[in-house]
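Next come the chains, spelled out residue by residue.
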Amino acid sequence: MGKRKIAFVTDSTAFLTKELKEHPDVYVAPIIIISNGKEYEDGIDLSTDELYEIIRTEKEVPKTSQPNVGRFIEIYEKLKEDYEEIIAIHVSSKLSGTVSSSKAGIEQANVKVELIDSHTLSFGITFLLEQGIALAEEGLTSKEIATKLRESVKQNQNLVLLDTLEQLFKGGRMSGAQFVIGNLLHIKPVLSIFENGELGLVERVRSEKKATRRIVDLIKKSYEEHSIKKIAIAHANSLEKAKALKEILLSQIANLNIVIGDVSSSLAVHAGEGAIAVFWQK
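A brief look at the structure comes next. (Residues numbered from 1 in each chain as written. Predicted model: local features only at pLDDT ≥ 70, side-chain atom pairs only at ≥ 80, totals over all residues. Heavy atoms only, no water.)

### Things to note about the overall build of the protein chain
And then number 1: A tally of helices and strands in the protein chain yields eleven helices and 13 strands.
And then number 2: Computed over its C-alpha atoms, the radius of gyration of the protein chain comes to 19 Å, within 12% of the 19 Å expected for a compact globule of 282 residues.
And then number 3: Here the C-alpha coordinates of the protein chain stretch approximately 65 × 50 × 30 Å along the principal axes.
And then number 4: By the burial criterion, 50% of the 282 residues in the protein chain qualify as buried.
And then number 5: Of the roughly 13,800 Å² that the protein chain leaves accessible, carbon and sulfur atoms contribute 50%.
And then number 6: The positive charge centre, built from 36 side chains, and the negative charge centre, built from 40, are 6 Å apart in the protein chain. (Helix = DSSP H or I, 4+ residues; strand = E, 2+ residues; numbered from the N terminus. Rg over C-alpha atoms; globule rule 2.2 N^0.38 Å. Buried < 20%, exposed > 50% of the residue type's maximum accessible area, 1.4 Å probe, protein only. Areas by Shrake-Rupley, 256 points an atom, 1.4 Å probe, with all protein chains shown as cover. Lys, Arg positive; Asp, Glu negative; His and termini not counted. Charge placed at Lys NZ, Arg CZ, Asp CG, Glu CD.)

### Some words on the sheet that holds strand β7 (residues 114-117)
Strand pairing in a sheet relies on backbone hydrogen bonds, with the paired strands running either antiparallel or parallel.
And then number 1: Spatially, four strands are ordered β2-β1-β6-β7 in an open sheet, and the strand pairing comes out parallel. Of all strands in the sheet, those with a lone pairing partner are β2 (26-29) and β7, marking the two edges. The mean inter-strand angle of the sheet, taken between neighbouring strand axes irrespective of direction, is 20°.
And then number 2: Pairing of strand β1 (residues 4-11) with strand β6 (residues 83-90), which is carried by five bridges, proceeds in the parallel orientation. Its bridge partner being in β6, phenylalanine 8 is matched across the sheet by isoleucine 87.
And then number 3: Helix α3 (residues 69-82) rests against β1, β2 and β6 of the sheet, and its axis sits at about 145° to β6.
And then number 4: Docked against the sheet, helix α4 (residues 98-109) engages β1, β6 and β7, running at close to 170° with respect to β7. (Pairing = 2+ DSSP bridges. Axes fitted to C-alpha atoms, helices over the stretch in contact; angles between N-to-C directions. Contact = heavy atoms within 4.5 Å.)

### As for the environment of leucine 159
And then number 1: With respect to the secondary-structure elements, leucine 159 resides in strand β8 (residues 156-161).
And then number 2: By relative accessible area, which is 5% here, leucine 159 ends up buried.
And then number 3: A C-alpha to C-alpha distance of 9.5 Å links leucine 159 and phenylalanine 194, two positions 35 residues apart in sequence.
And then number 4: When near neighbours in sequence (up to four residues on either side) are disregarded, leucine 159 contacts Val190, Leu191, Ser192, Val202, Ile215, Leu218, Ile219, Ile276, Ala277, Val278 and Trp280.

### Points about a positive patch on the surface
And then number 1: On the surface, Arg206, Lys209, Lys210 and Arg213 cluster together into a patch of positive charge.
And then number 2: In terms of residues, the positive patch owes the most to one element, helix α9 (residues 208-226), which gives three residues.
And then number 3: The residue arginine 213 is located in helix α9 in this model.
And then number 4: Assessed through its relative accessible area of 45%, arginine 213 is described here as partly exposed. (Patch = residues over 30% accessible without salt bridge, like charges linked within 9 Å, V, L, I, M, F, W, Y side chains within 5 Å. Salt bridge = Lys/Arg side-chain N within 4 Å of Asp/Glu carboxyl O.)

Here is the structure:
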């Protein structure tokens, strides 16, 4: 039996649709979640419900770590036996060391891989995986696909709205004074992963209602400039909030294709319960 053509490797920060979960050529390296001295593999040892319970009850915020090099070596050793070519698409290297771990695994497994830094996460990676698989079905080589995907990386757009500042405070990303003032003023930071892959502040908005309205305005502006067709809403245990945002967007832009999905446990660790993120491509 001959080798299959192209394998796609990603990590568990990506949102995997039912089709991607069941796709025979998609392989996932799980991010590690660390809580109370125990290590869990994202999506395998720890459910999102269990993680939210930890976040609610534990004083110490869980931490995350990239998949270890050994896990990547294991994946690549298997794939080089079963596939002619391999493409790896990972969470932004500015947010995680996963790209570095994957690269080390590639070198130690002595296998050729087209390694792509997505400069994003969640549905941003989903879009790239879906495009890559479609191009593979058209018969393109891994090098040709990677060239197109690296161009698509530049088209990824996103906005993130946190429900609470608590995770940023507990994770050491803001001072106690900033936390108290932010809560007193009901500050809702609107964030984005920018083109260089870094997470940054777009605006500080007073009240969730105003922040949601601002997100809708920014998406409408992008729609008018780029005629976007599809939007994905990722939520951290806040499905009703995601559905409400979908309805608002459809009332403003009737012909949008909008999909909803939950964030992985490894992302919920940092975003906190109630967070919403919107992804699209220009």
